[in-house]
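Take a look at the letters that make up each chain.
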Amino acid sequence: MLNIGVYGATLWQASDSGRQLSRVADLKHEGVVRRVLWSQHNTGQLLTVEEGALRTWSVGDAAVQQTACGAPGELEQFWTAAPHPRDPQLALVAAGPGVQLWDVQAMKQVGGIEVAHRMRTWDVSWAPGNEHRFVTGGDDCKLRFWDTRMLSRPEALQEMSGHSHWVWGVAYSPFHEQLLLSSSTDTTVNVWYAPALAKLKGPEAKQQPMGVKSSSQSSLRDADGKAHTYDEHEDSVYGLAWSAADPWLFASMSYDGRLVVNKVPKNIKYKILI
């Protein structure tokens, strides 16, 4: 368990009963800590996202040590990150209106999108079944889908609209690539169903430029979209998490501290299973 502070983070260990916590180590930072992430490949490694730095840490029995540090670039700030689910070297990092692709072992940027959203990019999430695909959410109320093999092109593979205010959270289901979640400062959580996009594995999935619509478009855009909206929150929704045990269960948390647990609608569940 980690307690995020203003200029640092604290590593805690829970007792076997889960009722007591003991402090293990303090992770010193120079600026506001935005996110602390465990490595998906090594339980002894951490990635912290500071507004002005990306840091990796080695967690051992005796101590916690910083192993590398990188900066976002001139006049930019980091917001969040998403380690690659398969490649321990890679991580996506939201920085300003763009997204940066980092080699966190060499601690250097190896790619990126300068403007993923018209204003700030708030969150990123990797697709579970496609090592190149990821989704972003931003201040323009949009979800946009990208391919790491096409980062030099300004157009997204797909764009989806369904919120009336900033999109603060996006999360691919770890079990089913057709399913995504998004949360927003409009107080809602959306479930998205994108079966057609999930079937397209190559970079040729690119559609028309963002904002351009045509009556002759393929069935890709017609098939993919918002499946359901949950409106149990009364404040901005900043936190999203899929269950690690139940593929249809997820939780959301709003600014006022309310935690809501929901399930994917049955009609979407059966579309995937049958």
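All of these numbers come straight from a predicted model, not from anything done at the bench.

Novice: Teacher, can you tell me more about the layout of surface pockets here?
Specialist: The rolling of a water-molecule-sized probe over the atoms marks out the regions of remaining empty space. Within this model, the largest pocket holds a volume of roughly 1200 Å³. Lining the largest pocket are 33 residues, with R35, L37, A81, D123 and L240 positioned closest to its centre. Only β4 (33–38), β8 (78–83), β12 (121–126), β16 (167–172), β20 (237–242) and β21 (249–254) provide two or more residues apiece to the lining of the largest pocket. Looking at the lining of the largest pocket residue by residue, the class counts come to 23 nonpolar, seven polar and three charged.

Novice: Got a minute to help me understand the sheet that holds strand β5 (residues 45–50) in this structure?
Specialist: Consider a sheet: its strands pair through backbone hydrogen bonds, and that pairing is either parallel or antiparallel. Taken in spatial order, the four strands line up as β4-β5-β6-β7 in an open sheet, and their pairing is antiparallel. With partners counted over all chains shown, the strands left at the sheet margins are β4 and β7 (64–70), one partner each. Strand after strand, the sheet turns through a mean of 20 degrees between neighbouring axes, direction not considered.

Novice: What exactly am I supposed to notice about the side chain of T56 here?
Specialist: With respect to the helices, strands and loops of the structure, T56 is situated in strand β6 (residues 53–59). According to the relative accessible area criterion, T56 is buried, its value standing at 12%. In terms of polar contacts, T56 uses its side chain to reach the side chain of T67, at 2.6 Å. In contact with T56, not counting residues within four places along its chain, are L46, L47, Q65, Q66, T67, A68, V104 and M107.

Novice: Looking at this structure, how should I read the packing of aromatic side chains?
Specialist: By the definition in use, this model includes ten aromatic pairs. Pairing W79 with W168 gives two aromatic rings, centres 5.4 Å apart and planes at 80 degrees, and the pair type is edge-to-face. Of this pair, W79 sits in strand β8 while W168 is found in strand β16, placing the two residues 89 residues apart along the sequence. The exposure classification of W79 matches that of W168, with both residues buried. When the centroid spacing of 6.1 Å and the interplanar angle of 80 degrees are considered together, the rings of Y238 and Y255 count as edge-to-face. Here Y238 is found in strand β20, whereas its partner Y255 is found in the loop between β21 and β22 (259–263), with 17 residues between them in sequence. Looking at Y255, the relative accessible area reads 62%, which means it is exposed. Members of the aromatic cluster, connected to one another through ring pairs, are W79, W122, W168, Y238 and Y255.

Novice: Looking at this model, I keep getting lost on unusual backbone geometry. Mind explaining?
Specialist: Only a minority of non-glycine residues have a phi that is not negative, and only a minority of peptide bonds are not trans. At M107, a residue that is not glycine, the phi angle is positive and equals roughly 50 degrees. Tracing the backbone through its elements, the reader meets M107 in the loop between β10 (98–103) and β11 (108–113). Classification of M107 by relative accessible area gives buried; the value is 11%. At T187, a residue that is not glycine, the phi angle is positive and equals roughly 75 degrees. Mapping T187 onto the fold places it in the loop between β17 (179–184) and β18 (189–193). Using a relative accessible area of 22% as the deciding quantity, one classes T187 as partly exposed.

Definitions and limits used
Residues numbered from 1 in each chain as written. Predicted model: local features only at pLDDT ≥ 70, side-chain atom pairs only at ≥ 80, totals over all residues. Heavy atoms only, no water. 1 Å grid on protein atoms, 1.4 Å probe; cavity = no way out; pocket = protein on both sides within 12 Å on 5 of 7 lines; lining within 4 Å. Points joined across faces, edges and corners; volume = space filled by probe spheres on them. Helix = DSSP H or I, 4+ residues; strand = E, 2+ residues; numbered from the N terminus. Nonpolar A, V, L, I, M, F, W, Y, C, P; charged D, E, K, R; others polar. Pairing = 2+ DSSP bridges. Axes fitted to C-alpha atoms, helices over the stretch in contact; angles between N-to-C directions. Buried < 20%, exposed > 50% of the residue type's maximum accessible area, 1.4 Å probe, protein only. Polar contact = N/O pair within 3.5 Å; in protein donor to acceptor, adjacent residues only side chain to side chain. Contact = heavy atoms within 4.5 Å. Phe/Tyr/Trp six-rings, centres within 6.5 Å; stacked < 30°, edge-to-face > 60°.

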